[in-house]
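Analysis of the macromolecular model
Spelled out from the first residue to the last, the chains are:
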Amino acid sequence: MPLSRAEIATPSGERLINRLCKHWAHEFEVEHSEQEAKITFVSGTCLMRADDEVLTVAIETLEEGHLDELEGVVERQLVDTAGDEALVIIWEN
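What you are looking at is a predicted structure, and each value in this text was computed from that prediction instead of being measured. (Residues numbered from 1 in each chain as written. Predicted model: local features only at pLDDT ≥ 70, side-chain atom pairs only at ≥ 80, totals over all residues. Heavy atoms only, no water.)

1. Observations regarding the pairing of strand E1 (residues 3-9)
Keep this limit in mind: Exposure categories follow from relative accessible area, calculated using a 1.4 Å probe and restricted to protein chains: below 20% of the type maximum is buried, above 50% is exposed, and the middle band is partly exposed. By the criteria applied, helices consist of DSSP H or I runs no shorter than four residues and strands consist of E runs no shorter than two, each listed in order from the N terminus. Note: two strands are recorded as paired if DSSP finds a minimum of 2 bridges between them.
Of the two faces of E1, only the one carrying Ser 4, Ala 6 and Ile 8 is buried; Leu 3, Arg 5, Glu 7 and Ala 9 on the other face are not. Two strands pair when backbone bridges link them, and E1 and strand E5 (residues 54-61) are joined in this way by seven bridges, in the antiparallel orientation. The residue bridging Ala 9 from the neighbouring strand is Val 54, located in E5.

Now the structure itself:
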């Protein structure tokens, strides 16, 4: 299964997880706690974990072609949700 991962430096990981899960709960299956989340999209899954200064995001898909698409969806939503906080997101796969 294709997998992509990013470690994002931010002290706001828990807040970002909470806001993203509320946003996506209207469209997708979402499971979350304060520090972890799982969002099941049609074409793959996004797992997130917030530590003190790092938000780790992992995306897994069944097809390679969906990986770039989901990276873009998750990245855009993270940036929008972060507001004035500048996030540096570098995907590794």
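2. Remarks on the side chain of Glu 71
To be explicit about the condition: The charge count includes Lys and Arg as positive and Asp and Glu as negative, but it does not include His or the ends of the chains. By definition, a salt bridge exists where a carboxyl oxygen of Asp or Glu is found within 4 Å of a side-chain nitrogen of Lys or Arg. Any pair of N or O atoms that falls within 3.5 Å is considered a polar contact. Within protein, one atom must be able to donate a hydrogen and the other to accept it, and sequence-neighbouring residues count only if both atoms are side-chain atoms.
Tracing the chain through its elements places Glu 71 in helix H2 (residues 64-82). One buried charge, Glu 71, has no salt-bridge partner; the nearest side chain with opposite charge is Arg 76, at 9.7 Å. A polar atom in the side chain of Glu 71 sits 3.4 Å from the side chain of Asn 93.

3. Quick word on the sheet that holds strand E3 (residues 36-40)
Paired through backbone hydrogen bonds, the strands of a sheet run either parallel or antiparallel to each other. Applicable threshold: Only the contacting stretch of a helix is used when fitting its axis, a line to C-alpha atoms as for every element, and angles between N-to-C directions run 0 to 180 degrees. Throughout, a residue-residue contact means that at least one pair of heavy atoms, one from each residue, lies within 4.5 Å.
The five strands are arranged E1-E5-E4-E3-E2 in an open sheet whose pairing can be described as antiparallel. Unpaired on one side and paired on the other, E1 and strand E2 (29-32) mark the two borders of the sheet. In this sheet, adjacent strand axes meet at a mean angle of 10° when their direction is disregarded. Those strands touched by helix H1 (residues 13-24) are E2, E3, strand E4 (44-50) and E5, and its axis lies near 150° from that of E4.

4. Some points on the pattern of salt bridges
Under the definition given, this model contains four salt bridges. Measuring nitrogen to oxygen at the nearest pair gives 3.9 Å for the salt bridge that ties Arg 15 to Glu 85. A residue pair is termed long-range when its members are at least 10 positions apart, and Arg 15 in helix H1 and Glu 85 in the segment after H2 qualify at 70 residues. For Arg 49, the salt bridge is made with Glu 36, and the minimal N-O distance between the two is 2.9 Å. One end of the pair, Arg 49, is in strand E4; the other, Glu 36, is in strand E3, and 13 residues separate them in sequence. Judged by relative accessible area, Glu 36 falls into the partly exposed class, the value being 40%. Salt bridges here are not isolated pairs; linked through shared partners, they connect Glu 36, Arg 49 and Asp 51.

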